[in-house]
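As a plain string of letters, each chain reads:
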Amino acid sequence: MTSYPEQFEFVLPALQSKRSEFHHFQYDTFTEEDLWEFCVKKKWRKIDIATMHLYEMINDIMDMTASDFLAYHQIEALKKARWNADSTLENIEHLLRPSPKK
């Protein structure tokens, strides 16, 4: 579900343009809604979006880089990972285990 649907509709052409740009570089699994949620949750998390000007939103969308967007999604995926899964616990234990002395 998209947050701030009124603002989303105003900037949809810019989001479509950015999605096309990302698709050109083979990042083709993302949608306009994904780009919007990145802006809302990352770029504008400390800003009252209802008071933003349209040109500010579009500028932020057009300045978005694929690396920023992908880094955000990787971090979010790690946050949502199941930390209590057996394989994850084994990986954590392996990482925290002291290396054998030579």
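Everything here concerns the structure above.
Everything numeric here is computed off the predicted structure, so don't read it as measured data.

Engineer: Tell me what's going on with the overall build of the chain, and back it up with residues and numbers.
Structural biologist: Helix and strand content of the chain: five helices and zero strands. Each helix (α) and strand (β) of the chain, taken in turn from the N terminus, gives the series α-α-α-α-α. Counting every position in the chain, which comprises 102 residues, the buried fraction comes to 25%. Look at the contacts in the chain between residues 6 or more apart in sequence, and 64% of them connect residues 24 or more apart.

Engineer: Please provide a residue-by-residue account of the pattern of salt bridges, values included.
Structural biologist: For the structure shown, the criterion picks out two salt bridges. In this structure, Lys-18 engages Glu-21 in a salt bridge whose closest nitrogen and oxygen atoms are separated by 3.1 Å. Residue Lys-18 and its partner Glu-21 are both found in helix 1 (residues 5-24); the two are separated by three residues, about one turn of the helix. Here Lys-18 falls in the buried class, since its relative accessible area comes to 1%.

Engineer: I'd like a description of the nonpolar core, backed by residues and values.
Structural biologist: Judged by nonpolar contacts, the single largest core of 20 residues is most densely connected at Leu-15, Trp-36, Trp-44, Met-57, Ile-61, Met-64 and Phe-69. Beyond its immediate sequence surroundings of up to four residues, Met-57 is in contact with Gln-7, Val-11, Trp-36, Trp-44, Ile-49 and Met-52.

Engineer: Account for helix 4 (residues 66-80), naming residues and giving values.
Structural biologist: Under the 1.5 Å per step criterion, the end-to-end length of helix 4 is 21 Å for 15 residues, consistent within 8% with the ideal 21 Å. In the core, the buried residues of helix 4 are packed alongside helix 1 and helix 2 (32-43).

Engineer: Run through the packing of helix 2 against helix 4, naming residues and quoting values.
Structural biologist: Viewed as axis vectors pointing N to C, helix 2 and helix 4 meet at an angle of 80°, and their least axial separation amounts to 11 Å. Considering the angle they form, helix 2 stands roughly perpendicular to helix 4. Judged by residue contacts, Asp-34, Leu-35, Glu-37, Phe-38, Lys-41 and Lys-42 of helix 2 engage Asp-68, Phe-69, Tyr-72 and His-73 from helix 4. When the residues that make up the contact of helix 2 with helix 4 are grouped by side-chain class, the tally is four nonpolar, one polar and five charged.

Engineer: Any details on helix 1? Residues and values, ideally.
Structural biologist: Between its first and last C-alpha, helix 1 extends 27 Å over 20 residues, near the 28 Å set by a 1.5 Å rise per residue. Along helix 1, the helix axis deviates most sharply at Val-11, where the bend reaches about 60°; the proline Pro-13 sits within four residues downstream. Buried within helix 1 are the following residues: Gln-7, Phe-8, Val-11, Ala-14, Leu-15, Lys-18 and Phe-22. Its buried side turned inward, helix 1 meets helix 2, helix 3 (54-63) and helix 4. A positive backbone phi angle near 70° is found at Gln-26, which sits one or two residues after helix 1.

Engineer: Explain the packing of helix 1 against helix 2 to me, and be specific about the residues and the numbers.
Structural biologist: At a closest axis distance of 8 Å, the pairing of helix 1 and helix 2 adopts a crossing angle of 110°. One finds that helix 1 runs roughly perpendicular with respect to helix 2. Judged by the sense of rotation from one axis to the other, the crossing of helix 1 with helix 2 is right-handed. For the pair helix 1 and helix 2, the contacting residues are Gln-7, Phe-8, Val-11, Leu-12, Leu-15, Gln-16, Lys-18, Arg-19 and Phe-22 in the first and Glu-32, Glu-33, Leu-35 and Trp-36 in the second.

What counts, and at which threshold
- Residues numbered from 1 in each chain as written.
- Predicted model: local features only at pLDDT ≥ 70, side-chain atom pairs only at ≥ 80, totals over all residues.
- Heavy atoms only, no water.
- Helix = DSSP H or I, 4+ residues; strand = E, 2+ residues; numbered from the N terminus.
- Buried < 20%, exposed > 50% of the residue type's maximum accessible area, 1.4 Å probe, protein only.
- Contact = heavy atoms within 4.5 Å.
- Salt bridge = Lys/Arg side-chain N within 4 Å of Asp/Glu carboxyl O.
- Core = buried A, V, L, I, M, F, W, Y, C linked by side-chain atoms within 4.5 Å.
- Expected span 1.5 Å × (residues − 1).
- Axes fitted to C-alpha atoms, helices over the stretch in contact; angles between N-to-C directions.
- Parallel < 35°, antiparallel > 145°, perpendicular 65-115°, else oblique.
- Nonpolar A, V, L, I, M, F, W, Y, C, P; charged D, E, K, R; others polar.
- Bend = angle between axes of the 7 residues up to and from the residue.
- Left-handed = near helix turned anticlockwise from the far one by under 90°.

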